Amino acid sequence: YQATEQLVFWRWLGPRMLALIGEKEIYHWNLAVANSTPEKIFQRSGKLAEAGTQVISYAANSQMSWCLLTGISTQDQGRTIDGNMQLYS
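Here the structure is a predicted model, which means the values were calculated and not measured.

Some thoughts on the sheet that holds strand β3 (residues 25–30)
Two strands in a sheet stick together by hydrogen bonds in their backbones, pointing the same way (parallel) or opposite ways (antiparallel). An order of β1-β2-β3-β4 is seen for the four strands of this open sheet, with the pairing classed as antiparallel. Sheet topology places β1 (7–14) and β4 (39–43) at the edges, where each strand pairs with a single neighbour. Put simply, the sheet's adjacent strands are angled 20° from each other on average, direction ignored.

Here it is as structure tokens:
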């Protein structure tokens, strides 16, 4: 598989389900299905869509009906760190 955007984070959501976090979009890849490709789930928005935000976590419930993207950013060269979350359902 060749991603269409830079991947910045990934994690296993289950034994055969992989989450891929791109610069702009979030994908789930069901590796239990032969010849499958990642499916776009949602697009990053708000602070989480900005280039200076670092993704630090991604989670989903077992039914994959909600997903939570978490990142950190700074607006003052690191003196303070802001937390950012995006909930998708």
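Moving on from the model shown.
Here we look at the nonpolar core
Membership of the largest hydrophobic core is limited to 10 residues, which are A19, I21, I26, I41, F42, L48, V55, Y58, C67 and L69. Put simply, the parts of the chain that give this core at least two residues each are β2 (17–22), β4, β5 (54–60) and β6 (67–73). If near-sequence neighbours (up to four positions away) are discounted, I21 is found in contact with Q6, L7, V8, F9, I26, R44, V55, Y58 and L69.

Some remarks on the pairing of β3
Across the six residues of β3, five count as buried, placing the element largely inside the fold. Sheet topology places β2 next to β3; five bridges connect them, and they run antiparallel. Its bridge partner being in β3, A19 is matched across the sheet by H28. The antiparallel pairing of β2 with β3 creates a hairpin that spans two residues between the two strands.

Side note on the pattern of salt bridges
Within the structure shown, the criterion is met by two salt bridges. Among the salt bridges present, the one from K40 reaches E25, with a minimum N-O distance of 2.9 Å. Here K40, found in strand β4, pairs with E25, found in strand β3; they are 15 residues apart in sequence, far enough to count as distant. The partly exposed category is assigned to K40, whose relative accessible area is 42%. Exposure remark for E25: the relative accessible area of 18% places this residue in the buried category. K47 serves as the salt-bridge partner of E50, at 3.2 Å between the closest nitrogen and oxygen. Here E50 falls in the partly exposed class, since its relative accessible area comes to 39%. On the basis of relative accessible area, K47 is assigned to the partly exposed category, the value being 28%.

Rules used in this analysis
- Each chain has its residues counted from 1, following the order in which its sequence is written.
- For a predicted model such as this one, the threshold for reporting local features is a pLDDT of at least 70, and the threshold for listing and counting side-chain atom pairs is 80 or more; totals across whole chains, interfaces and linings nevertheless cover every residue.
- Each side-chain value is worked out from all heavy atoms of the structure, with water and hydrogens disregarded.
- Pairing between strands requires that DSSP locate at least two bridges from one strand to the other.
- Labels follow the DSSP assignment, with helices taken as runs of H or I lasting at least four residues and strands as runs of E lasting at least two, numbered in each case from the N terminus.
- The angle between two axes is taken between their N-to-C directions and runs from 0 to 180 degrees, where each axis is a line fitted to C-alpha atoms and a helix contributes only its stretch in contact.
- Take the buried residues of types Ala, Val, Leu, Ile, Met, Phe, Trp, Tyr and Cys, join any two whose side-chain atoms come within 4.5 Å, and each joined set is a nonpolar core.
- Here the term buried applies to any residue with accessible area under 20% of the maximum for its type, exposed to any over 50%, and partly exposed to those in between, with areas from a 1.4 Å probe on protein chains only.
- Residues count as neighbours in contact if any of their non-hydrogen atoms are within 4.5 Å of one another.
- For this document, the term salt bridge refers to a Lys or Arg side-chain nitrogen within 4 Å of an Asp or Glu carboxyl oxygen.

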